[in-house]
Amino acid sequence: MTAHKPLVVVTRKLPDVIETRMAELFEVELNTDDHAMTPEELCDAVSRADILVPTVTDRIDKRILSNAGENFRCIANFGAGVDHIDVETAWQRGITVTNTPGVLTEDTADLTMALILAVPRRIAEGVDVMRAGEFHGWSPTWMMGHRVGGKRLGIIGMGRIGQAVARRAKAFNLQIHYHNRKRLPRVVEEELGATYWESLDQMLARMDIISVNCPHTPATFHLLSARRLKLLQPHAIVVNTARGEVIDENSLARLLEEGAIGGAGLDVFEHEPAVNPKLLTMKNVVLLPHMGSGTIEGRVDMGEKVIINIKTFVDGHKPPDRVIPSML
Ligand code: 8YV
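Residues numbered from 1 in each chain as written. Predicted model: local features only at pLDDT ≥ 70, side-chain atom pairs only at ≥ 80, totals over all residues. Heavy atoms only, no water.

Asks: Sorry, what's going on with the environment of Met37 here?
Replies: The residue Met37 is located in the loop between strand E2 (27-29) and helix H2 (39-48) in this model. For Met37, a relative accessible area of 15% puts it in the buried group. Excluding residues within four positions of it along the chain, Met37 makes contact with Val9, Val10, Thr11, Asn31, Leu42 and Asp58. (Helix = DSSP H or I, 4+ residues; strand = E, 2+ residues; numbered from the N terminus. Buried < 20%, exposed > 50% of the residue type's maximum accessible area, 1.4 Å probe, protein only. Contact = heavy atoms within 4.5 Å.)

Asks: What's the story with the site of the ligand in this structure? I'm lost.
Replies: As a matter of local geometry, the ligand sits amid Thr55, Val56, Phe78, Gly79, Ala80, Gly81, Leu104, Arg243, His290, Ser293 and Arg299. Taking Ala80, its main chain carries an N or O atom lying 2.7 Å from an oxygen atom of the ligand. Measuring from an oxygen atom of the ligand, one finds a side-chain N or O atom of His290 at 3.0 Å. Surface burial for the ligand is 89%, taken as the share of its 330 Å² of free accessible area covered by protein chains. (Near = heavy atom within 4 Å. Polar contact = N/O pair within 3.5 Å; in protein donor to acceptor, adjacent residues only side chain to side chain. Areas by Shrake-Rupley, 256 points an atom, 1.4 Å probe, with all protein chains shown as cover.)

Asks: Would you mind going over the domain arrangement of the protein with me for this structure?
Replies: For an interface, size is often stated in terms of accessible area lost upon the parts coming together. Along its sequence, the protein is carved into domain 1 (7-103 + 296-321) and domain 2 (105-287). Centre-to-centre separation of domain 1 and domain 2, based on C-alpha positions: 31 Å. In this assembly, seven residues from domain 1 lie in contact with six residues from domain 2. Interface area for domain 1 against domain 2, summed over the two sides, is near 530 Å², with a carbon-plus-sulfur share of 35%. Per-residue buried area on domain 1 facing domain 2 is highest for Val56, Asp83 and Gly102; these three make up 64% of the total on that side. The interface formed by domain 1 and domain 2 holds one salt bridge in total. With its nearest N and O atoms 3.2 Å apart, the salt bridge here joins Arg243 to Asp83. (Domains from an automatic or database assignment. Buried area = accessible area lost by both parts, 1.4 Å probe. Salt bridge = Lys/Arg side-chain N within 4 Å of Asp/Glu carboxyl O.)

Asks: In this structure, what is going on with the pairing of strand E9 (residues 209-212)? I would like to understand it.
Replies: Along a regular strand, successive side chains alternate from one face of the sheet to the other. Burial along E9 is two-sided: the residues Ile209 and Ser211 and Ile210 and Val212 are all buried. Taken together, the four bridges between E9 and strand E10 (residues 237-240) define a ladder with parallel strand orientation. Directly across from Ile209, in E10, lies its bridge partner Ile237. (Pairing = 2+ DSSP bridges.)

Asks: I would appreciate a short explanation of helix H5 (residues 105-118) in the present structure.
Replies: In an α-helix, one turn spans 3.6 residues, which is why side chains three or four residues apart end up on the same side. For H5, built from 14 residues, the straight-helix expectation of 20 Å at 1.5 Å per residue is met to within 8% by its first-to-last C-alpha distance of 20 Å. In terms of burial, H5 is a largely internal element, ten of the 14 residues being buried. (Expected span 1.5 Å × (residues − 1).)

Asks: Just checking my understanding: could you explain the sheet that holds E10 for this structure?
Replies: Working definition: the strands of a sheet are paired by backbone hydrogen bonds and lie parallel or antiparallel to each other. Within the open sheet, the seven strands sit side by side as E8-E7-E6-E9-E10-E11-E12. Their pairing is parallel. Each edge of the open sheet carries a strand with a single partner, namely strand E8 (194-196) and strand E12 (285-287). Across the sheet, the axes of successive neighbouring strands diverge by a mean angle of 20°, strand direction being ignored. Where strand E7 (residues 175-179) lies against E8, three bridges are found, and the strand directions are parallel. If you follow Ile176 over to E8, its bridge partner there is Ala194. (Axes fitted to C-alpha atoms, helices over the stretch in contact; angles between N-to-C directions.)

Asks: Honestly, empty space enclosed by the protein in this entry has me stumped. Any pointers?
Replies: If a probe as big as a water molecule is rolled over the atoms, it shows which places are left empty. Under the criterion given, the structure shown has three cavities of 30 Å³ or more. Taken as a whole, the largest cavity spans an internal volume of roughly 40 Å³. Split by residue class, the lining of the largest cavity holds five nonpolar, two polar and one charged. (1 Å grid on protein atoms, 1.4 Å probe; cavity = no way out; pocket = protein on both sides within 12 Å on 5 of 7 lines; lining within 4 Å. Points joined across faces, edges and corners; volume = space filled by probe spheres on them. Nonpolar A, V, L, I, M, F, W, Y, C, P; charged D, E, K, R; others polar.)

The following block contains the structure:
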């Protein structure tokens, strides 16, 4: 690392308080108009910078990394998911990658719970009715949804966020089921009242609501494939606040259209910001624009984590949130 203040290029607009602190500590290049950087801009950034602070909207692939200058030593991602970064190649080139786990767990779990409630209770439809001036008085059989309490919730991916969803869901009297690469310790299962399913296929066939809370990795790409989605019961609801790529979005849209799946609540999409147009018109589908961790408190916490990771790295220590390929 050079003796001067390291050059940190930040690819998107971050909360003011974070940008101000970064500017005090480092030489920073900020993205004041918040445009998503082009691959050419990213190549230029890594060729000049010591450190890059990207977000989910930047694809840091082999080509970008092959443009890295000799000073480029660290990618301090603003976000928990790192599926947009070629961590393996970065690692081979001696570039440290960090992320911001933990601080967005509760916010993302809140939004997941909101979708778990919104779809069966037809909340978005109710809002549309009010906005359209179509509320002409109460009726006992109008706008009936489905009760949430007592239903079976199957959580795919029981890491921090999955467990935080389970805690909330338990308070709503949902029965908690989960599928995960590794079974949780007995004591955690007991605390959450969670039932482990080694077979994802078997779990899918028996749930009323599915919540996707696993990261996107080569192993989880299209984990909910057409074949697996067809295992769901026709009344089942699919909620995804993790990554769009975990679900075969076209197959999901088709099965929803055919009535083979009961509904969906999606905050993330396979080809963001594009959304399968079929999903946009369905009444039993609630869509949100990737806002799971979108609270000012969460974004500031994420920014603070980024600063700690950079500062620790610059000071010659191992940053607390290093991502290493074997973790993925
Ligand atoms: C962030 C997310 O908004 O942290 C993540 O992995 O999906 C989001 O909540 C985004 O990644 C910021 O880069």
